[in-house]
Amino acid sequence: MTSELSASCIEQAVNQFYSGGQQQQIEQWLTLTQISPQAWGFCWDLLSPEKTVEVRFYGANTLYAKISRYWSEVPHDQYDNLRTRLLQKIMELCSGDKIITTRLCVSLAALILHMTPEDWPDPVPQLISTFQSLQTVTEEQRCQVLLEILRVLPEEYFSANLSQSRRLVLNGELNKSLSHVLPLLRSLLLPGAPTDVKRAALQCFSSWLDLGSVFSEAEDIILLTFQCLQNQDLFDTAVETLVNVFSHPSNERYHNTMKKYLPCVLGLQDSFMKARDSLDMDVCQRVGQIIISFAENNVTLLLQWAVDPEVRETTINFINLVLTCTSIPGHFPVDENFSNMFFTFWYLLQDGIQDPPVERSKVLHQMFCPIFLSLIQTLLIKVQYPEEEEYNSWTKDDKEEFRCYRQDIGDTMMYSYSILREPLLGFMCNTLNSGAENPKETQWQLIEAVFFLFTSVAENVDLEEEVHIPSMLSVLPKLPYNNVKYISAALKMIGSYSEWINCHPGYLNCVIPLILQGLQGLQNSEIAESATMSLKDVTGENLDHIQPHAPQILGACQHAFQSGLLKTRDSMRLMHSVGQVLSVMKYDDIMQYLTSLLSPLLQELQNLITREPSTPVKAAILSRLSILGSLFSSLDTERDKEDVKVKPRSTEPKPVAVLLQQLAPIIQGLLANWITDPGVIEGICAMFKHALKTLLDDFGLLSKDVAEMLVQMYQVNPSPAILDLSKQLIIMHHEDSQLSPVVVTLLGSLSTITLELFTKGPQNYTDVIEAFMNLLSQVLKKSKAILTTEQCVVQMKSLFHSALQALSLPEHQTVKATCSFLGEFLSAGETTPVIKALVQEEGSLLLDKILRAVGGESARGLVENLSDIFLMLNKHYPENMPVWMNQLLKQEGYPSPKVTKADKDIFIKAVLREKINKRKIREVSKEFSLKCRGMFGTEYAANTGFP
């Protein structure tokens, strides 16, 4: 693009941009042109009426950019001239494209914010007077332009980048103007005014609402806005205005004013019912928006009015109106798509009812119980699925919206339970019993809905409840199970009451057969998921009572595995249940069952090892490793029961340990073909991690072999998963005298391999280095003694220098992990002479690295973590820290040429003063970092901050 800035050249560029040629290059040039000093001149030429809309819009945008952001370029003696010229241009173009007029009005608003009050006192009354006397345009045009200026003025005030003091001044000036704006709006909303003018007046009123002091002076305008709802052409604008009025956060300050509007909002019931009966869902939704904005934002007032005899009836009628809106007929989101906007109100209402004082809460409970019971009846209808044929015709998005809608209903049920409690459970039990007595006359959707709602409140039902939950569980075997969603909902409900069943174990006889029956429907993925989840919940919560049912459960599980119909996630859940049930059985029975159950799985794994590596083979391997990991995580024969072992420690081996020994050759075979695959390595590590958490000390017999395997994998394919498992192994066995040499050797080998990565290019291994630093950090926290062994002492200096190198890596999490390690390392020096000696020798290198990073070599978001090192050095090496700080910071231009000697002196004193307060030293470091980057005190620094 040429650098010439003539109006014709710019016009050509704008037209070329909108025609689609070289858009990115042209856009950059036009943006730079827009902020150039010459823009003050050419923008007026571009606004000529004969220019295209695109050119005039660019001209108007340019004028706004110059006025709003480059006001300092305007000489003071040109302020009035600029104002006059802008007003003239607005009137000249007011009959043209609205987009241009609006942009010029925004420019005038920006100019007002700059000139008021010093150079343009009382701009609003002046503008009103000026426009009233204009004769060059029609009266309607005058009103439209004036209202547009007044509309964008508050908007520009709120969006402008102003200092706090300037904002306070302008806020006072704008509030002063209300005494002129409101009478104008009132006069333009009276009968007889043109519809377009009324619409503009409503939009203008909405804009001024945000100033917050309008309500006490605008009652008549708000009442006129209600009248505008009767005008079809003004309906949408009037709705938006009233929603803005009732959504304003200052409403609660105007108790009496809001009380006056309650009958007006209640009066919308006729409009809503008429629209509902004529199936005009758009009008229903818009009227509903007004109703809910009033309801949601005035819950506290509504509850106060509910106990006020003067307005109690009106208040209760209004809340019933919200209920009517919630119960709009049809299925969400296909027949209607707005009933979900009322759910938040019901939550706020029940929350307010339960607020103290207790006496008031009791009165409100009694008053609102019938309303909430009606709400439950409504939700029971709204939560139901449509007929299957209709549901199958819905789009994927419709189904997902309906799923979320049902979840919202479930949440609303949970809130409602806190109000109703027993009556709610009783209502649902009655519905369920009625369905059991008349199965042919009862639609499956109704019973499924009851199951869903029972599930929603399960978490809040008292474990001592002995009337309704027994009734619900007892009726389950009597119901016909002939629909997928119906069966799935029943299974989920059973799982949700597993904790209650643990307190009433007799009901296992009722629910276990139903769950196992669900396992027979594995050809359907929805049933399979629900059945396996329910079994996992019930077995997990009822281990003390599950033994009599174990043969039945284990037989069903084995049959399910043999079917080959389970997905991986379902298999994992089912295997978790198997592990839980086996945990309460005798060792011989456990091993006999596992031999039968796992033989096919282990044989499959063995066969997969021999196959050529491919994506399907890898997926199959990972699936089986996950299933085994799930078993290992739950098969604990020495589980705790209220902090007491269920049985004395057995002399028999742990089943998981035996399985791992059987699995060892298969794992070695797996590594022979897959050791370079990160996914498979991660899967193996995850499986062993589950086993380690279950076996704890009993993992010791396997530790040597597993440690060697970890080193074997890490040499070929360094992975965070290997380091994570190694960390668990080291921390668990570091105090065991027999296993300590194993974990020391493991740590030494991992350190040697990781140090080699630093020579290959650490930026290629940031995730591994992050995991390694986390490992070292945990080792230092749990067992400093490991690092003082001969093997680790040899590597200590190299580890320290590798950490210094890691501080320069680009990944934030890696640097943060390194800072954590260094912090622990410095702290360990207080009790570990070898570490202390190393830090005293090399500490200045660390401090140099941190100072350079804070000074600009690292991202600003890391400064807080890096500055923690200052605190640790200062706390644990108080003799060395002042010497190092002064030696380093006395260098010219260090750590940045943008800081002065005085800045550095202040920083040194502030840092050396702090030995405990991490927050303070972080603040000091952030300020120094900004100074080093030349950003201290800038608007950019204030806006971007420190993540």
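Calculation notes
Residues numbered from 1 in each chain as written. Predicted model: local features only at pLDDT ≥ 70, side-chain atom pairs only at ≥ 80, totals over all residues. Heavy atoms only, no water. UniProt positions renumbered as here; feature names shortened; annotations may be inferred. Buried < 20%, exposed > 50% of the residue type's maximum accessible area, 1.4 Å probe, protein only. Helix = DSSP H or I, 4+ residues; strand = E, 2+ residues; numbered from the N terminus. Contact = heavy atoms within 4.5 Å. Salt bridge = Lys/Arg side-chain N within 4 Å of Asp/Glu carboxyl O. Axes fitted to C-alpha atoms, helices over the stretch in contact; angles between N-to-C directions. Parallel < 35°, antiparallel > 145°, perpendicular 65-115°, else oblique. Nonpolar A, V, L, I, M, F, W, Y, C, P; charged D, E, K, R; others polar. Phe/Tyr/Trp six-rings, centres within 6.5 Å; stacked < 30°, edge-to-face > 60°. Lys NZ or Arg CZ within 6 Å of the ring centre and 35° of its normal. Core = buried A, V, L, I, M, F, W, Y, C linked by side-chain atoms within 4.5 Å. 1 Å grid on protein atoms, 1.4 Å probe; cavity = no way out; pocket = protein on both sides within 12 Å on 5 of 7 lines; lining within 4 Å. Points joined across faces, edges and corners; volume = space filled by probe spheres on them.

Named according to an unreviewed UniProt entry, the protein chain is Importin-13 originating from Magallana gigas. Entered under Subcellular location (unreviewed entry) in the UniProt record, the comment concerning the protein chain runs "Nucleus". As stated in UniProt under Sequence similarities (unreviewed entry), the record for the protein chain gives "Belongs to the importin beta family."

### Concerning helix α18 (residues 343–353)
For α18, every residue scored as buried is listed here: F343, F345, W346, L349, Q350, G352 and I353. At its buried positions, α18 is contacted by α15 (281–296), α16 (299–306), α17 (312–326), α19 (358–382) and α21 (396–420).

### Digging into the pattern of salt bridges
Any two side chains of opposite charge can pair if their charged atoms end up close together. Under the defined criterion, the tally for this structure stands at 40 salt bridges. Of the charged contacts in the structure, one is a salt bridge between E148 and K98, with a shortest N-O distance of 3.6 Å. Note that E148 is positioned in helix α8 (residues 139–159) and K98 in helix α6 (residues 98–115), a separation of 50 residues in sequence. Note on E148: relative accessible area 8%, which makes it buried. D698 serves as the salt-bridge partner of K654, at 3.0 Å between the closest nitrogen and oxygen. Of the two residues, K654 sits in the loop between β2 (644–645) and α33 (655–674) while D698 sits in the loop between α34 (678–695) and α35 (700–716), which places them 44 residues apart along the sequence. Linked by salt bridges that have partners in common, K98, E148, R151 and E155 make up one network.

### A few points about the packing of helix α41 (residues 812–828) against helix α42 (residues 833–857)
Two elements in contact, α41 and α42, have axes separated by 9 Å at closest approach and are oriented at 135°. Compared by their axis directions, α41 and α42 come out oblique. For the pair formed by α41 and α42, the contact residues are L822, F825, L826 and A828 on the first element and I835, L838, V839 and L846 on the second. By residue class, the composition of the contact of α41 with α42 is eight nonpolar, no polar and no charged.

### Thoughts on the packing of aromatic side chains
One pass over the structure, following the stated rule, counts 27 aromatic pairs. Arranged with centres 5.3 Å apart and planes meeting at 70°, the rings of Y385 and F402 form a pair that is edge-to-face. Of this pair, Y385 sits in the loop between α19 and α20 (388–392) while F402 sits in helix α21, and the two are 17 residues apart along the sequence. Exposure class is identical for Y385 and F402. Each is buried. Aromatic side chains Y391 and W394 sit 5.4 Å apart centroid to centroid with 55° between the ring planes, which places their arrangement in the tilted category. Given the relative accessible area of 12%, Y391 is considered buried. Residue class for W394 comes out buried when judged on its relative accessible area of 7%. Site record: aromatic cluster; members linked through ring pairs are F332, F343, Y385, Y391, W394, F402, Y405 and W444. The ring centre of Y70 lies 4.6 Å from the NZ or CZ of K66, which sits over that ring.

### A word on the nonpolar core
One finds F318, W346, F368 and F454 to be the most contacted residues of the largest nonpolar core, which totals 334 residues. For this core, the leading source of residues is helix α31 (residues 587–610), giving twelve residues. Beyond its immediate sequence surroundings of up to four residues, F454 is in contact with L425, M428, C429, L432, I469, M472, M493 and Y497.

### Considerations on the environment of G59
Residue position: G59 is located in helix α4 (residues 53–69). Note: C-alpha distance between G59 and R103 (44 residues apart in sequence) is 9.6 Å. Once residues within four sequence positions are removed from consideration, G59 is found in contact with C43, L46 and L47.

### Things to note about the layout of surface pockets
Roughly 870 Å³ of internal volume is contained in the largest pocket. Lining the largest pocket are 30 residues; nearest its centre among them are R403, R406, Q407, F452 and K492. When residues of the lining of the largest pocket are traced back to their parent elements, those giving at least two are α21, α23 (444–457), α25 (484–496) and α28 (525–541). Looking at which element gives the most residues to the lining of the largest pocket, the answer is α21, with ten residues.

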